[in-house]
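# Understanding the architecture of this molecule
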Amino acid sequence: MDTRQLKYFVAIVECGGFAKASRQLLIAQPALSQQIARLEQEVGAPLLVRSAKGVSPTSNGHTLFRHAKFILRQLDHALALARQNTAETTGRVSVGLAPTTLCQVGMPLIERMQERFPGVCVNIVEGLSGHIQHMAISGQLDLAILFGPAAVPDWSRTALLTEELFVILPCNSPLFPRRRDTITLEEIVDLPLILPSQGHGLRRRIEIEYERLNIKLMPLAEIDSLPLLMSCLSQGMGATIKPMAAVHVHGSAQSKTWRCLRISNASITRPNYMFSQPADKMSDATALVRAELIQLVRELVERGRWQGVELSDPEEPDRATPEPPRIALPA
């Protein structure tokens, strides 16, 4: 087995077929098939299943894919370190963030790293939590902030903070009395709500509270794009339930145009965890970004720039996440 075979195998899985992978790799399809056959012979088990819809990995292939992605990333990092002429830490670090988290830490993190560690290239990947979780598990990310303690098996986790969910609507909205700064679950039902779709973890967290009251939520619309959702609200189309960070989607100045109503008869919160490879598998560049991101989160909260949250205990140790139970839950 050599790294070239691993590279070919990863490309085939990501492309979903040999033809597309051969064009991407600039290698003839018969030669590509021959390399994969040798890889399967060395592994001693089939790695790919071919069907009319394309190619997908077997259970053995899926395991190899995850580890091959990590090996290839580490090899690229090792080569970059070997080629550098100074002792400055360099490398590329991919960080997965949900949209509301990105609103708070995205720009400050980029600015901080450029100022302190210009040799480190930070790749910010935005996506819904389920997508970020999948990318982390498949080895496409170095760091991720997610909302469940077992989101990424075998990775280390650090508790960052707990977000409270608020009812958010424009300051000039006539939908709810302006003298009020709290709202009940029952009153929320009467509002024209715009919420994430049912596959979204945040939506599920909200619905749990209404299931306890035997009430079914009927939103006006379902939007998984945070910028579009907040733009609809700004046009007076309704209200939403989100962490307070959502008001920063168009910049911090926009927060002055929003009302964030606390839900008085329920505590709807969402914990945030930093996930990373175990220390013995983490590159120097990743360790730097991880440390800076954790410190940045604390500074934003302590300075009042990230509101509606409570910091987690800084003394809580990092833990490796266990394998999650085999139950299909929304991301």
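Let us look at the structure shown here. (Residues numbered from 1 in each chain as written. Predicted model: local features only at pLDDT ≥ 70, side-chain atom pairs only at ≥ 80, totals over all residues. Heavy atoms only, no water.)

### Topic: the packing of helix α1 (residues 3–15) against helix α3 (residues 29–43)
- One way to put it is that α1 packs onto α3 with a least axis distance of 10 Å and a crossing angle of 110 degrees. With respect to their mutual orientation, α1 and α3 come out roughly perpendicular. On α3, the residues that touch R4, Q5, Y8, F9 and I12 of α1 are L32, Q35, I36, R38, L39 and E42.
- For the contact of α1 with α3, the class distribution of residues is 6 nonpolar, 2 polar and 3 charged. (Axes fitted to C-alpha atoms, helices over the stretch in contact; angles between N-to-C directions. Helix = DSSP H or I, 4+ residues; strand = E, 2+ residues; numbered from the N terminus. Parallel < 35°, antiparallel > 145°, perpendicular 65-115°, else oblique. Contact = heavy atoms within 4.5 Å. Nonpolar A, V, L, I, M, F, W, Y, C, P; charged D, E, K, R; others polar.)

### As for the pattern of salt bridges
- Scanning the model with the defined rule gives 14 salt bridges in all.
- Here E163 makes a salt bridge to R270, at a shortest N to O gap of 2.9 Å. Of this pair, E163 sits in strand β6 (residues 156–170) while R270 sits in strand β12 (residues 269–276), and the two are 107 residues apart along the sequence.
- Of the charged contacts, one joins R180 and E187 as a salt bridge, the two residues approaching to 2.9 Å between their closest N and O atoms.
- The partly exposed category is assigned to E187, whose relative accessible area is 25%.
- Residues participating in the shared-partner salt-bridge network are R112, R116, E292, E299 and R303. (Salt bridge = Lys/Arg side-chain N within 4 Å of Asp/Glu carboxyl O. Buried < 20%, exposed > 50% of the residue type's maximum accessible area, 1.4 Å probe, protein only.)

### What to know about the packing of helix α2 (residues 18–25) against α3
- Between α2 and α3, the shortest axis-to-axis distance is 9 Å and the interhelical angle comes to 105 degrees. The orientation of α2 relative to α3 falls into the category roughly perpendicular. The residues of α3 that touch α2, namely those facing F18, A19, A21, S22 and L25, are Q29, L32, S33 and I36.
- Grouping the amino acids of the contact of α2 with α3 by side-chain chemistry returns 6 nonpolar, 3 polar and no charged.

### Observations regarding the state of the cysteines
- In total, this model carries 0 disulfides according to the counting rule given.
- Note on C232: no disulfide assigned, nearest cysteine sulfur contributed by C103 at a separation of 15 Å.
- Look at C232 and you get buried, because its relative accessible area is 13%.
- C260 takes part in no disulfide bond, and the closest cysteine sulfur to it belongs to C171, at a distance of 8.4 Å. (Disulfide = S-S within 2.5 Å.)

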